[in-house]
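Descriptive structure summary
One-letter residues, chain by chain:
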Amino acid sequence: MNIEIVQGPGNAAAKVSLGANETITAESGSMIAMNSHLHMNTTTHSRGGAGGLLKAVKRMFAGESFFLNHYKAGQEGGDVYLSTPLPGDMMTHELNDESLIVQARSFVACGDDVDVDLGWQGFKSLLSGESMFWIHLKGTGPVILNSFGAIYPIEVDGDVLVDTGHIVAFQDTLDFSITKAGKSWLHSFMGGEGLVCRFHGTGTVWCQSHNPPSFGLQLGPMLKRRPR
Amino acid sequence: MSDTKDFDYDIAGKPDFSFLTVQIPEGETLKVEASAMATMDTNLQMKTKFKGGLSRFLTGESIFINEYTAQGGAGEIGISPGAPGDLEHIYLNNETVYLQNSAFVASSMNINVESKWQGFISGFFSGEGLFLIRCSGKGDLWFNTFGAMIEIDVNDDFVVDTGHIVGFTEGLEYDVSTVGGYKSLFFSGEGLVCRFRGQGKVWIQTKKLGAFENWVWPYRPEPKKNNN
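The structure reproduced in this document is the subject of the present report. (Residues numbered from 1 in each chain as written. Chains lettered and ligands numbered in written order. Predicted model: local features only at pLDDT ≥ 70, side-chain atom pairs only at ≥ 80, totals over all residues.)

A look at the sheet that holds strand 1 (residues 8-12) of chain B
Residues and elements named next belong to chain B. The strand order 1-2-7-4 describes an open sheet built from four strands, whose pairing is antiparallel. The sheet is open, and its two borders are formed by strand 1 and strand 4 (37-40), each paired with just one other strand. For this sheet, the mean inter-axis angle between neighbouring strands, taken without regard to orientation, is 20°. Pairing between strand 4 and strand 7 (residues 75-79): three bridges, direction antiparallel. For Met-37, the partnering residue across the bridge sits in strand 7 and is Ile-79. (Pairing = 2+ DSSP bridges. Helix = DSSP H or I, 4+ residues; strand = E, 2+ residues; numbered from the N terminus. Axes fitted to C-alpha atoms, helices over the stretch in contact; angles between N-to-C directions.)

Quick notes on the interface of chain A and chain B
With 35 residues of chain A at the contact, the number on the chain B side is 34 residues. Among the secondary structure elements, those contributing two or more residues to the side of chain A that touches chain B are strand 4 (31-35), strand 5 (39-43) and helix 3 (212-219) of chain A. Looking at which element gives the most residues to the side of chain A that touches chain B, the answer is strand 4 of chain A, with five residues. Among the residues forming the side of chain A that touches chain B, the class breakdown is 18 nonpolar, 13 polar and four charged. Where strand 4 of chain A and strand 13 (residues 157-161) of chain B come together, three bridges link them in antiparallel fashion. Note on strand 13 of chain B: the bridge partner recorded for A:Ala33 is B:Val160. (Contact = placed C-beta atoms within 7 Å. Nonpolar A, V, L, I, M, F, W, Y, C, P; charged D, E, K, R; others polar.)

A look at the nonpolar core
Membership of the largest hydrophobic core comes to 103 residues, with the highest contact counts inside it found for A:Val80, A:Leu82, A:Ile144, A:Leu145, B:Leu99 and B:Val160. Considering every element that reaches this core, the biggest residue donor is strand 15 (residues 195-208) of chain A, with seven residues. Aside from chain neighbours lying at most four places away, what touches A:Ile144 is A:Ile3, A:Ala14, A:Leu82, A:Met90, A:Thr92, A:Val108, A:Ala109 and A:Cys110. (Core = buried A, V, L, I, M, F, W, Y, C linked by C-beta atoms within 7 Å. Buried ≥ 20, exposed ≤ 12 C-beta atoms within 10 Å, placed from the backbone.)

Structure, rendered in structure tokens:
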């Protein structure tokens, strides 16, 4: 499988060239074009996972679509192009019997031997206040992620604070806790910084240059009111 | 299609904020999408054409094409499409290209630009309006996208999400269908796709305006409170 990120960083798409009998698992709705002899199969969970209805329901509550699409090539292989609604960049990351924790909206696709688990409860999701959910990817193979705006890695060695809205993904070798940006809760919220994630240890955090809800809140007042 | 050209031109800001500059020799005329002119020399004369008749109103897109003629010396025109994105040039050598109805930017005078009824089924389902723009003849053609553009050489057949089609060459057969069965229409999130068959080129865009609009939608202000 060969993955090429094209047209980044502004309006990136991922070109996935599948070899014979290879499969890529993608977020539903992300396919923009493909060779027509690829076979698409929609499931409620990743093939590698234990899955089932419970996981699918969890995925629905996570605000992620209920379903994952699996694109399988035949003997002759084939290409599939993937993209996402918001402008921004994409990246690939190779897992080697490792785990990665991904902000749900940043997940695009992964290889067949990567398990997609939405049941991950490492953060107290509701407490994060940003209605964000997280996907736990585990296994071996490529992972494709997207960001709103540009994407940049932070190599953590010690402690780093990251605004929760700017997290794309992080390695689970890091310890983390949700905390406040300022000295007191009052200052944190008045300062508009809300909640941040404190990472501790050694590992990589990938961040996006822009936070989608912040952009949405700026656009909101210019739009027509909802009908009553 | 060949690398020749009628006009000297330059495309800056690719692929995210493309902007076209064309040099028009004295006495020559360029067709430009209405409202796309950003800058021009004072010796260019603009003429609005009502060509195309009623059907152009029905495309819901740029209804008029303006013609810019250089008089009393050569002139330069800067052309900026409405949506940020990519821009491409092709030279038609007595060939025909179909464009999605917002993709036309500019062309030589010898290119015949007309709306083409798609037929009820493919038109309604594509979500891109009932018309395509048919460009034929011998000369330059510039077209644009929302997001970046990818050119795909179709050799046997290729599937494209209907919302991501920018244009395609005449001679390709196409029909609109689902990716998998009708089950996939509801669960895969992929909606309807266009299947192209034959030999030719298809241009796709990495982003689509409708998806961005759907993302912005929840940020609309609350309805006005009724005090009565």
